[in-house]
Amino acid sequence: MNICSDRLNQVIKTVESAGNTAMKFFCSPELKKSFKSKCDLVTEADTTVEKMLLESLKTVDNIGFLSEEFNPETGLAKPCWIIDPIDGTTNFVAGIAPFAISIAHFDGGKVDFAVCFLPVTNEMFSAEAGKGAWLNGEKIHVNADSSAINCVGATGFADITQHGGTGTLPVFCNMVQKTRAMRRLGSAVTDLVYTACGKFAFFYEAGLSPWDVAAGSLIVKEAGGIVTDFSGGNDYILGKTIIASNPQMYDFVRNEIEISLKQRLFI
C-alpha cells in the first residue's frame, strides 16, 4: 500500500470517529445553535466536529485548511484540507437525514483523495485520484441511465436561499417535467456521492462553496462520472456551479441548464 493509501485509511478512521461524535448531537433537544447570517445555521456539533477533524488531520498531513466554520477563505493556492464538518446543517437541526461529513485533500493543484461519510446510514465513501471510488470498501460506479424520463436526478437551491444571482428554479421546473423524478435532499455532499454510486443519474446546483463539492466531485469522477461547472469547464470548486453526471446524461443536463437560464433572461 502506498503512502497516499495509508493516509486515506487514516482519514477514513478520523471521519468515522467524527461521525460518531456528530451522532451524539443528532436529534438532541439540547443542541445549541445560532445563525451565522439570516440563512446560515451553525450548531455546537459543527464547531465540535470541525475542531476534532482539524486536530486529527494535522497528524495525517500538517498543511493548511479551508473549512466552513473556522477558515472560510476561498483561495486554493497551496496544499490544504477542504473540510465540511456537517453538510446539511438544516437537516441536522431538524433531526432529518441525510447529513454528511466531507474531507478533501488538495495537493496544491488538484484534490488527490477524499472521504465523505453519512453517519445515519453508515455509508463511508472514499476515492483516490486515478485509483477509483468506494462505498464501505466496495468499488462503485455511476449508473448507465440514458433516458431522461427514466432518470432520478438531484439538485439543491443554494443560489436561491443565499440570494445568489444564478436563479436555477427555472431549470428545476423544466427538469421535473422531463425526468422520472427530481430530488432535493438538502446535502450537496450526499447528492454527489449518491450520483457516484448510481442512486442518482445526475446532480446540479449553483451557489455552493468549495467544502460542499471538493470531496464529492473527486468521488464522482473516480466512479466514472463527469464533473464540470455549468459552462462545461473545470471551475466547479471555486466557481459556484457544478454538474455531476453519468456520461450518458451529461449533455442533457448541461443543455437543459443552458436553455432554462437563457429563457429566464427574457422573462
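Residues numbered from 1 in each chain as written. Predicted model: local features only at pLDDT ≥ 70, side-chain atom pairs only at ≥ 80, totals over all residues. Heavy atoms only, no water.

### Here's the deal with the packing of aromatic side chains
Okay, step 1: A full pass over the atoms with the stated rule returns eight aromatic pairs.
Okay, step 2: Measuring from ring centre to ring centre gives 5.9 Å for tryptophan 81 and phenylalanine 113, while their planes differ by 80 degrees; the resulting arrangement is edge-to-face. Taken together, the positions of tryptophan 81 in strand S4 (residues 80-87) and phenylalanine 113 in strand S6 (residues 111-118) put the pair 32 residues apart, joining distant regions of the chain. Neither tryptophan 81 nor phenylalanine 113 differs from the other in exposure class; each is buried.
Okay, step 3: An aromatic cluster is defined as three or more aromatic residues linked by ring pairs; in this entry it consists of Phe26, Phe92 and Phe99.
Okay, step 4: If you follow lysine 199 out to its NZ or CZ, it ends over the ring of tyrosine 194, 4.1 Å from the centre. (Phe/Tyr/Trp six-rings, centres within 6.5 Å; stacked < 30°, edge-to-face > 60°. Helix = DSSP H or I, 4+ residues; strand = E, 2+ residues; numbered from the N terminus. Buried < 20%, exposed > 50% of the residue type's maximum accessible area, 1.4 Å probe, protein only. Lys NZ or Arg CZ within 6 Å of the ring centre and 35° of its normal.)

### Describing the side chain of aspartate 61
Okay, step 1: One can find aspartate 61 in the loop between helix H2 (44-58) and strand S3 (64-67).
Okay, step 2: Since its relative accessible area comes to 19%, aspartate 61 is described here as buried.
Okay, step 3: In contact with aspartate 61, not counting residues within four places along its chain, are Arg7, Trp81 and His105. (Contact = heavy atoms within 4.5 Å.)

### Examining helix H6 (residues 188-196)
Okay, step 1: Burial within H6 is extensive, with nine of its nine residues counted as buried.
Okay, step 2: By the burial criterion, the buried members of H6 are Ala188, Val189, Thr190, Asp191, Leu192, Val193, Tyr194, Thr195 and Ala196.
Okay, step 3: Just downstream of H6, glycine 198 is the residue with a positive phi angle, here 90 degrees.

### Details of the layout of surface pockets
By rolling a water-sized probe across the atoms, one finds the places where empty space is left.
Okay, step 1: Of the volumes computed, that of the second largest pocket is approximately 240 Å³.
Okay, step 2: Surrounding the second largest pocket, 15 residues form its lining, Lys110, Val111, Lys221, Tyr236 and Ile237 being those nearest its centre.
Okay, step 3: Here the element with the most residues in the lining of the second largest pocket is helix H7 (residues 210-222); it accounts for four residues.
Okay, step 4: Residue composition of the lining of the second largest pocket, by class: nine nonpolar, three polar and three charged. (1 Å grid on protein atoms, 1.4 Å probe; cavity = no way out; pocket = protein on both sides within 12 Å on 5 of 7 lines; lining within 4 Å. Points joined across faces, edges and corners; volume = space filled by probe spheres on them. Nonpolar A, V, L, I, M, F, W, Y, C, P; charged D, E, K, R; others polar.)

### Some remarks on the packing of H6 against H7
Okay, step 1: At a minimum axis separation of 8 Å, H6 and H7 run at an interaxial angle of 5 degrees. When the interaxial angle is binned, H6 and H7 end up roughly parallel. Residues Ala188, Val189, Leu192, Val193 and Ala196 of H6 form the contact with H7, whose participating residues are Trp211, Asp212, Val213, Gly216, Ser217, Ile219 and Val220.
Okay, step 2: Its residues assigned to classes, the contact of H6 with H7 shows nine nonpolar, two polar and one charged. (Axes fitted to C-alpha atoms, helices over the stretch in contact; angles between N-to-C directions. Parallel < 35°, antiparallel > 145°, perpendicular 65-115°, else oblique.)

### Looking at the confidence of the model for the protein chain
Close reading of the predicted structure is inappropriate where its pLDDT is low.
Okay, step 1: Counting all residues, the mean pLDDT for the protein chain is 91, and 91% of those residues have values of 70 or more.
Okay, step 2: Confidence, read as mean pLDDT per element, is least for strand S1 (residues 33-35) in the protein chain (72) and greatest for H6 (99). (pLDDT = per-residue confidence, 0-100.)

### Examining the sheet that holds strand S13 (residues 226-228)
Okay, step 1: Read across the sheet, five strands follow the order S11-S10-S12-S14-S13 without closing on themselves; strand pairing throughout is mixed. Two strands lie at the open edges of the sheet, namely strand S11 (181-183) and S13, each paired on one side alone. Recorded for the sheet is a direction-independent mean angle of 15 degrees between the axes of neighbouring strands.
Okay, step 2: Against the sheet, helix H5 (residues 169-178) touches strand S10 (152-155), S11 and strand S12 (202-206), its axis set at about 165 degrees to S12.
Okay, step 3: Helix-sheet contacts for H7 involve S13 and strand S14 (241-245), and the interaxial angle to S13 is about 145 degrees. (Pairing = 2+ DSSP bridges.)

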